[in-house]
Amino acid sequence: MDTQDWSLLILLSVLWGGAYFFAGVAVKELPPLTVVLARVLLAAVALLPLFWYFGHSLPRSFSGWLPFFGMGLLNNVLPFGFIFAGQTQITVGLSSIINAMTPLFTVVVMASFQEERLTAYRVIGVVLGVVGVAVLRGFDGPIGGSQTLGIALCMAGALSYGFAALWGRKYLVGVPPLKSATCQLLCSTLIIAVVVSLIDQPWTLPAPSQGAALSLVALAVFGTALAYIVFFKILVRAGASNVMLVTLLIPVTALILGNVFLGEPIRSKEILGAVIIGAGLLFIDGRVINRLIGKRAATG
């Protein structure tokens, strides 16, 4: 990775870390599912002009739309819903740390469906992830408390991303990234619009404050539409393994924003848990560990 790749990676971490912050502001006034609808609807509207500018076309049959419906459900509707609901119980920073476990869940899902081998490094990474969550949860307070519920919901969101990776590998190979992002957001909008109309009935809710409304727009435009563009740019330039490194950086942005603007404390167990989960991600990635072992063998 060169300087531009690292710059894009840091930008992506800020965009996605900021998404947790903007969602944390929005869910203080609006139901989580309504926030999901606003996010995917506005993001789809933002991406459609680019979609058409680059000459893409929408699928013309149900079978053509089906892969995007599956991806929209697994990669947008379910994880956004779980994470935003979790953020009503836990802090912005903690939710972002839990979501950093996405690559760990992806490894387990891929191995379960025999898409990838479960190597020793990956087993160690998964174990470290479990230990990290235990540290984040702490060993005091009732097991059935609100923090436990929030952590469980965010873990469900990370697990859904793991299944989304499996779905994408099976049904979206070769699809241009911008087309995949736009079509799945359109499908996500349709799915969540039906759910929200039955459950939240947003037209009956009081109008959000200016701060919450601006957070929704920022969440959609910067934390979703622009983030997708940067993500796929890195994917093309540096590959999937390097894109995964962003999961190590996102919690830093989310923790800082939550602390500075929302007054959320940064506790020692959150820092320790994030470090342990980060170590697990390094084992999953494998490159840093291999270099360290190689250097030790060379000096030995």
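Shown above is the structure to which this text applies.
Since we're looking at a predicted model, the values are computed, not measured. (Residues numbered from 1 in each chain as written. Predicted model: local features only at pLDDT ≥ 70, side-chain atom pairs only at ≥ 80, totals over all residues. Heavy atoms only, no water.)

1. Describing helix α9 (residues 210-238)
One turn of the α-helix equals 3.6 residues, which is why residues spaced by three or four share an orientation.
Right, on to step 1. When the terminal C-alpha atoms of α9 are compared, their 39 Å separation across 29 residues agrees well with the 42 Å that a helix rising 1.5 Å per residue should span.
Right, on to step 2. Of all the bends found along α9, the most pronounced is centred on A227 and spans about 40°.
Right, on to step 3. Phi for G239, located one or two positions after α9, is positive at around 95°. (Helix = DSSP H or I, 4+ residues; strand = E, 2+ residues; numbered from the N terminus. Expected span 1.5 Å × (residues − 1). Bend = angle between axes of the 7 residues up to and from the residue.)

2. Considering a nonpolar patch on the surface
Right, on to step 1. On the surface, a nonpolar cluster with roughly 800 Å² of combined accessible area is contributed by L42, L50, Y53, F54, V217, V221, F222, L226 and I229.
Right, on to step 2. Listed by contribution, the elements that provide at least two residues to the nonpolar patch are α2 (32-53) and α9.
Right, on to step 3. With five residues, the top contributor of residues to the nonpolar patch is α9.
Right, on to step 4. Note on placement: L226 falls in helix α9.
Right, on to step 5. Given a relative accessible area of 32%, L226 falls into the partly exposed group. (Patch = residues over 30% accessible without salt bridge, like charges linked within 9 Å, V, L, I, M, F, W, Y side chains within 5 Å. Areas by Shrake-Rupley, 256 points an atom, 1.4 Å probe, with all protein chains shown as cover. Salt bridge = Lys/Arg side-chain N within 4 Å of Asp/Glu carboxyl O. Buried < 20%, exposed > 50% of the residue type's maximum accessible area, 1.4 Å probe, protein only.)

3. Here we look at the pattern of salt bridges
Right, on to step 1. Going through the model one piece at a time under the given rule, you end up with seven salt bridges.
Right, on to step 2. Close ionic contact of D2 with R237 constitutes a salt bridge, the shortest N to O distance being 3.1 Å. Residue D2 is located in the segment before α1 (3-26), and its partner R237 is located in helix α9; the two are separated by 235 residues in the primary sequence.
Right, on to step 3. Relative accessible area serves as the criterion here: at 39%, D2 is assigned to the partly exposed category.
Right, on to step 4. Among the ionic contacts, a cluster of salt bridges with common partners joins D2, D5 and R237.

4. Topic: the packing of helix α5 (residues 102-112) against helix α6 (residues 120-137)
Right, on to step 1. At a closest axis distance of 10 Å, the pairing of α5 and α6 adopts a crossing angle of 130°. Overall, the two elements α5 and α6 adopt an arrangement that is oblique. The handedness of the crossing between α5 and α6 is left-handed. On α6, the residues that touch L104, V107 and V108 of α5 are R122, G125, V126 and G129. (Axes fitted to C-alpha atoms, helices over the stretch in contact; angles between N-to-C directions. Parallel < 35°, antiparallel > 145°, perpendicular 65-115°, else oblique. Left-handed = near helix turned anticlockwise from the far one by under 90°. Contact = heavy atoms within 4.5 Å.)

5. Brief notes about the nonpolar core
Right, on to step 1. One finds V35, F84 and I234 to be the most contacted residues of the largest nonpolar core, which totals 65 residues.
Right, on to step 2. It is α1 that contributes the most residues to this core, 11 residues altogether.
Right, on to step 3. When sequence neighbours within four positions are dropped, the list of residues in contact with F84 reads A23, V27, P32, V35, V36, R39 and L219. (Core = buried A, V, L, I, M, F, W, Y, C linked by side-chain atoms within 4.5 Å.)

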